[in-house]
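Letter by letter, the chains look like this.
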Amino acid sequence: MSKVLSKIHSRILILSLTVLGAFLAAGCSATLPPAYQLKAFTGDTPRGKILAIATDGSRVVAASAKGLYQKVGEGSWHIIPVPGIRHLKAISSLAVNGDEIFVGTKGEGLRILSGGTWEIKTSRYGGLPDDDVLSLAVAHGEEGLKGENIWVGTSSGLALRRNGNWELYSPNDRWLGDLAGRKSNGDGDIYVASGFRLGLPGEDKKSFRPPITSISVGKDRVVLAGKQLRLAIISDGVVATIALDADYINRSNENVRIESLFVEPSVIWCGTSVGLLWGGLDGVAQGIPYPSWTGFVPSRSTLFNSRDTRPFQYRWHRVGYNTAAVKGITRDSDDGLWVAFSGVPPTIVSSLHLSGTTEAETGTGSTTAIRRYVHIDEYIAGRRKPYYEVYGRNVGISDTPTALAFGEPGGGVWLGTTSGIFNLGK
């Protein structure tokens, strides 16, 4: 009898290990060895939780509760004193434009360093819609609207430096239609896709509202993330607003937020508090992200100042199973898409303490990971599971991701975590 029980227990153990092995293989089958390696720094480096990172060419700026740091090329880091900020941990966002540094804060307005001199903008004298700066973006040349523009997203509106002059926009005054400029609808044909409607003048104030949690600049458009999982696409003379179905994305009734945006010619990558979304421009961006069987994310869209919805028709899908918050999205010069997820690793995987498995995409819930998706557009076009590289303890990176940026090709990717800053390069 004991021999029979022993055989049964042995078979159960073998079956359990087989199932577990299949489970881990399913999670790790799409992973690749890291192509990027951790690069060393000289001198002091930013310490503590990294609040924001911004790059412009070889110039990198990072903020932590310890201070504002700058590094140029192969030079060392050095601290830049920031006047008038009571608490450095209030820094929420950064932007770099040539020799200018823009420092956004929660509750203390915007600081601008230019030519060695600081300028302070707050709502008190009409410099900002309010003092909670949540997002910053820089537009050059052919990007966004015409001119060299600096975009500042706040809790109640937008500030825009357009060709050197500052303009303020909020739903209580001038808003998106005025910002884009009015374009006549004309008397031509009307192209309105399913799920779209043509908005009436002034309706943009209800269709999209602050806070502006993220801003990304594309070749001919600027995309804003706002309240209730909504997006606004601003082009020359035209505005389109998109309301994504929050209940479809997350049925636990949490307040789903858009944490980050990355705009490309035919795709909007949308990082939310519950995972990554892909918006592909209809007729241009081909395929469906893995897992393709989950279907599309429902959305409702409204177009203002035009009668042709075709340039703004996006199909929305989830990317993968990871339900962790997306803290940053960027591309490198080798066509790799970097995504920084910040969540709780699945218990069954993290308890194994196996190399790479805690960052693997297992389909069991949110997972903290820095992933570099390799040629992901080709995999989406073919409706296949994408291959990606995992960056964490396997390359010497510790703690939870907080910020992500890409410098020039030789500068690699800059990653902020709760313990400091890391640079990954080839």
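Just so you know, these numbers come straight off a predicted model, no measurement behind them. (Residues numbered from 1 in each chain as written. Predicted model: local features only at pLDDT ≥ 70, side-chain atom pairs only at ≥ 80, totals over all residues. Heavy atoms only, no water.)

Novice: Looking at this structure, how should I read the overall build of the chain?
Specialist: Check the secondary structure of the chain and you find six helices and 31 strands. Among the 426 residues that make up the chain, the fraction classed as buried is 52%. Split by element, the accessible area of the chain, about 18900 Å² in all, is 51% carbon and sulfur. (Helix = DSSP H or I, 4+ residues; strand = E, 2+ residues; numbered from the N terminus. Buried < 20%, exposed > 50% of the residue type's maximum accessible area, 1.4 Å probe, protein only. Areas by Shrake-Rupley, 256 points an atom, 1.4 Å probe, with all protein chains shown as cover.)

Novice: Hey, could you run me through the environment of Ala35 in this one?
Specialist: In this fold, Ala35 is placed in the loop between strand S1 (31-32) and strand S2 (37-38). Residue Ala35 is classed as partly exposed on the basis of its relative accessible area, which comes to 33%. Put simply, Ala35 and Leu424 are 389 residues apart on the chain and 9.5 Å apart in space, counted from C-alpha to C-alpha. The residues touching Ala35, leaving out its near neighbours within four places in the chain, are Arg372, Glu389, Tyr391 and Lys426. (Contact = heavy atoms within 4.5 Å.)

Novice: Before we go on, may I ask you to explain the sheet that holds strand S31 (residues 421-425) in this structure?
Specialist: The four strands lie next to each other as S2-S31-S30-S29, forming an open sheet whose pairing is antiparallel. A strand with exactly one partner marks an edge of an open sheet, and here the two such strands are S2 and strand S29 (401-406). In the sheet, S2 pairs with S31 via two bridges, with the strands oriented antiparallel. By the bridge assignment for S31, Gln37 is matched with Gly425. (Pairing = 2+ DSSP bridges.)

Novice: What should I look at first to understand the layout of surface pockets in this one?
Specialist: Space left empty within the atom packing is revealed by a probe, the size of a water molecule, rolled over the atoms. Counted as a void, the second largest pocket has a volume near 270 Å³. Of all elements in the fold, only strand S23 (299-304) and strand S24 (314-318) reach the threshold of two or more residues within the lining of the second largest pocket. Across the lining of the second largest pocket, the residue classes tally to eight nonpolar, five polar and two charged. (1 Å grid on protein atoms, 1.4 Å probe; cavity = no way out; pocket = protein on both sides within 12 Å on 5 of 7 lines; lining within 4 Å. Points joined across faces, edges and corners; volume = space filled by probe spheres on them. Nonpolar A, V, L, I, M, F, W, Y, C, P; charged D, E, K, R; others polar.)

Novice: Teacher, can you tell me more about the pairing of strand S25 (residues 325-331) here?
Specialist: One face of the sheet, then the other: side chains in a regular strand alternate in exactly this way. Within S25, six of the seven residues are buried, which leaves it mostly tucked inside the rest of the structure. Note: S25 against strand S26 (residues 336-342), six bridges, orientation antiparallel. Bridge assignment links Thr330 to a residue of S26, and that residue is Trp338. The turn joining S25 and S26, which pair antiparallel and follow one another in sequence, is formed by four residues; a positive phi near 70 degrees is taken by Asp335.

Novice: Explain the nonpolar core here, please?
Specialist: One recurring pattern in soluble globular proteins: nonpolar side chains tend to sit buried together. In terms of nonpolar packing, the biggest core is built from 25 residues, with Leu231, Ile233, Leu244, Leu261 and Trp316 touching the most fellow members. Elements with a minimum of two residues in this core: strand S17 (222-226), strand S18 (230-235), strand S19 (238-244), strand S20 (258-263), strand S21 (267-272), strand S22 (275-281) and S24. For this core, the leading source of residues is S19, giving four residues. Non-local contacts of Leu244, meaning those with residues more than four positions away in its chain, are made with Gln228, Leu229, Leu231, Ile249, Leu277, Pro298, Ser299 and Trp316. (Core = buried A, V, L, I, M, F, W, Y, C linked by side-chain atoms within 4.5 Å.)

Novice: Any chance you could explain the side chain of Glu100 here in plain terms?
Specialist: Structurally, Glu100 is set in strand S8 (residues 100-105). On the basis of relative accessible area, Glu100 is assigned to the buried category, the value being 10%. Among the polar contacts made by the side chain of Glu100, one reaches the side chain of Arg161 at a distance of 2.9 Å. (Polar contact = N/O pair within 3.5 Å; in protein donor to acceptor, adjacent residues only side chain to side chain.)

Novice: Would you mind going over the side chain of Arg221 with me for this structure?
Specialist: Following the sequence through the fold, Arg221 ends up in the loop between strand S16 (214-217) and S17. The class of Arg221 is buried, set by a relative accessible area of 6%. Separated by 3.0 Å, the side chains of Arg221 and Asp220 make a polar contact. A polar contact of 2.9 Å, which involves the side chain of Arg221, links it to the backbone oxygen of Pro311. Dropping the residues within four chain positions of it, Arg221 is found in contact with Gly144, Ser216, Ile233, Ile234, Val263, Pro311, Phe312 and Tyr314.

Novice: Can you walk me through the sheet that holds strand S3 (residues 50-56) in this structure?
Specialist: Paired through backbone hydrogen bonds, the strands of a sheet run either parallel or antiparallel to each other. Taken together, the four strands give an open sheet; going across it, the order is S3-S4-S5-S6, and neighbouring strands pair in antiparallel fashion. Either end of the sheet is taken by a strand with one partner, and the two such strands are S3 and strand S6 (78-80). Neighbour to neighbour, the strand axes of the sheet diverge by 25 degrees on average, direction disregarded. By the bridge criterion, three bridges tie strand S5 (residues 67-72) to S6 in an arrangement that is antiparallel. Paired with Leu68 across the two strands is Ile80, which belongs to S6. (Axes fitted to C-alpha atoms, helices over the stretch in contact; angles between N-to-C directions.)

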